[in-house]
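Analysis of the macromolecular model
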Amino acid sequence: MAAPMRGMSVLRQAFQGLVRPAGGQVCRQVQHRCYSTPGHVQVDMNSETGVATVRLNRPPVNSLNLDVLTELSIALEKLETDKSCKAMVLASAAPGIFSAGLDILEMYQSTPERCVAFWRALQDAWLNLYGSRLITMAAIEGHSPAGGCLLAMSCDYRVMAEGKFQIGLNETKLGIVAPFWFTDVMLNTIGHRETEKALQLGALYSAQQALSIGLVDKVVPLAEVMPTVEGELKNWLQIPAAARVITKTSMRKAVLDRLRSQKEKDAQFFADFINRDSVQKSLGMYIASLQKKKN
Ligand SMILES: CCCC/C=C/CC(=O)SCCNC(=O)CCNC(=O)[C@H](O)C(C)(C)COP(=O)(O)OP(=O)(O)OC[C@H]1O[C@@H](n2cnc3c(N)ncnc32)[C@H](O)[C@@H]1OP(=O)(O)O
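What comes next concerns the included structure. Nothing here was measured: the structure is a model prediction, and the numbers come from that model.

Cut-off values and rules
Residues numbered from 1 in each chain as written. Predicted model: local features only at pLDDT ≥ 70, side-chain atom pairs only at ≥ 80, totals over all residues. Core = buried A, V, L, I, M, F, W, Y, C linked by C-beta atoms within 7 Å. Buried ≥ 20, exposed ≤ 12 C-beta atoms within 10 Å, placed from the backbone. Helix = DSSP H or I, 4+ residues; strand = E, 2+ residues; numbered from the N terminus. Contact = placed C-beta atoms within 7 Å. Near = placed C-beta within 6 Å. Nonpolar A, V, L, I, M, F, W, Y, C, P; charged D, E, K, R; others polar. Pairing = 2+ DSSP bridges. Right-handed = clockwise from strand over helix to strand, strands pointing away. Expected span 1.5 Å × (residues − 1). Bend = angle between axes of the 7 residues up to and from the residue. Axes fitted to C-alpha atoms, helices over the stretch in contact; angles between N-to-C directions.

1. Some points on the nonpolar core
- By size, the foremost hydrophobic cluster in this structure holds 79 residues, and its most contacted members are Val 89, Met 137, Ala 139, Ile 140, Ala 152, Met 160 and Ile 167.
- Here the element with the most residues in this core is helix H3 (residues 112-130); it accounts for twelve residues.
- When sequence neighbours within four positions are dropped, the list of residues in contact with Ala 139 reads Val 89, Ala 91, Val 159, Val 225, Met 226 and Val 229.

2. Some words on the site of the ligand
- Every one of the 28 residues lining the ligand counts as a neighbour, but Ala 100, Gly 101, Leu 102, Ala 146 and Gly 147 are closest to it.
- Counting only elements with at least two residues in the shell around the ligand, the list comes to strand E6 (96-97), strand E8 (142-145), helix H10 (263-274) and helix H11 (277-294).
- Residues that form the shell around the ligand fall into these classes: 17 nonpolar, seven polar and four charged.

3. Some thoughts on the environment of Gly 96
- For Gly 96, the location among the structural elements is in strand E6.
- A tally of 15 C-beta atoms within 10 Å means that Gly 96 is categorised as partly exposed.
- Separated by 68 residues in sequence, Gly 96 and Lys 164 place their C-alpha atoms 9.4 Å apart.

4. What about the sheet that holds strand E10 (residues 166-168)?
- Taken together, four strands build an open sheet; the order of strands is E6-E8-E10-E11 and the sheet is mixed. Each end of this open sheet is capped by a strand with a single partner; those strands are E6 and strand E11 (205-206).
- Where E10 and E11 come together, two bridges link them in antiparallel fashion. Across the sheet, the residue bridging to Ile 167 is Tyr 205, located in E11.

5. Comments concerning the pairing of strand E5 (residues 87-92)
- With six of six residues buried, E5 is to be regarded as a mostly interior element.
- Of the strand pairs in this sheet, strand E4 (residues 51-56) and E5 are connected by six bridges, and their pairing is parallel. Considered in E5, the bridge of Thr 53 is made with Val 89.
- Assessed by its sense of winding, the connection that carries the chain from E4 through helix H2 (residues 66-81) to E5 is right-handed.

6. Focus: helix H9 (residues 241-260)
- In this model H9 runs just 25 Å from its N-terminal to its C-terminal C-alpha over 20 residues, more than 12% under the 28 Å that 1.5 Å per residue would give.
- Along H9, the largest kink reaches about 50 degrees and is centred on Lys 253.

7. Here's the deal with the sheet that holds strand E9 (residues 157-161)
- Spatially, E3-E4-E5-E7-E9-E12 is the arrangement adopted by the six strands of the open sheet, whose pairing is mixed. Only two strands of the sheet have a single neighbouring strand rather than two, namely strand E3 (41-46) and strand E12 (218-220). Strand after strand, the sheet turns through a mean of 20 degrees between neighbouring axes, direction not considered.
- As defined by bridge partners, strand E7 (residues 135-140) adjoins E9 across four bridges and the pair is classed as parallel. From the neighbouring strand, Ala 139 faces E9, where its bridge partner is Val 159.
- Helix-sheet contacts for H2 involve E3, E4 and E5, and the interaxial angle to E3 is about 15 degrees.
- Helix H8 (residues 225-237) contacts E4, E5, E7, E9 and E12 of the sheet and is inclined by roughly 165 degrees relative to E7.

8. Remarks on the environment of Ala 121
- Position of Ala 121 among the secondary structure elements: in helix H3.
- Residues Ala 121 and Asn 65, spaced 56 residues apart in sequence, show a C-alpha to C-alpha distance of 8.9 Å.

Here is the structure:
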């Protein structure tokens with residue numbers, strides 16, 4: 001893959017054929033916005049209802065690497081410009097997992113250039129999701145730590161499966177720090193006091209705990225997650241779209257603008273921070289603990 005160019009988003013370069021999601025095909029005819037998803041992100045558009053279901057599909061745990069994030073950005077951008085699309089449900093194709101968050105292997109022993117490209121892809125995916133005009137709902141049918149929690153929190157509404165699954169921003173447990181925009185989204189979701197505790201402790205919550213602090217909106221048995229999302233969507237779809245979109249945009253603008261105004265600085269900070277010896281050591285230990293869990 002060609003090295004991404006400075007000052008140009010990975011998404012845009014993907015559209016221009018400069019970088020390409022692994023296994024995927026990005027058309028060089030930019031004006032047609034045509035693309036095919038290689039399978040890391042499945043989009044199912046229901047043209048009758050105007051509801052698209054976007055499923056993360058990177059087994060076993062939907063960890064978010066450069067390819068997945070680039071594909072997600074492209075899918076979101078395409079839905080955004082599709083006038084027939086009114087709502088989007090973010091879900092998983094992998095049983096028992098929503099997303100394990102960022103792919104730790106993108107952050108461990110990686111090059112600064114790759115780190116910057118990876119981070120730009122995450123920024124773009126998030127800006128597209130959090131800034132979407134669509135009604136966005138997360139169907140959380142499994143674990144949703146860290147970056148998985150960010151994606152879920154960035155939707156307008158969250159339904160989570162009851163049981164053993166956990167959700168939260170657990171970054172400190174890896175010896176890393178949640179970026180300011182992860183923090184901003186959590187602040188907007190659960191308020192200052194809960195965010196302060198959650199972030200310092202790197203807390204992972206059960207679905208019931210998440211419900212009690214407002215991190216998710218509804219908890220139901222696993223099989224009921226999708227039907228519950230669909231039921232809730234019926235309410236949201238009845239609201240006049242223009243009024244809803246203006247309201248959403250005005251509530252999210254400050255947080256979106258904060259990242260937009262310092263994307264490159266933020267990407268560079270990430271690359272510098274993640275490549276510190278102490279951070280690499282913590283990540284190495286965390287990866288080892290994940291492996292050890294199995295034995
Ligand atoms: C300024 C810096 C800011 C950086 C911000 C970072 C935000 C992040 O998102 S960091 C990522 C944090 N994610 C986690 O801590 C999740 C770690 N994973 C788990 O806790 C568990 O895997 C799970 C609860 C999600 C699922 O458990 P389950 O028992 O079903 O599966 P496992 O056997 O643990 O995992 C299977 C397989 O997948 C590998 N893996 C798990 N998570 C990740 C990941 N985030 N990135 C890369 N790889 C991951 C795990 O090691 C296993 O691999 P092997 O089969 O090869 O052993």
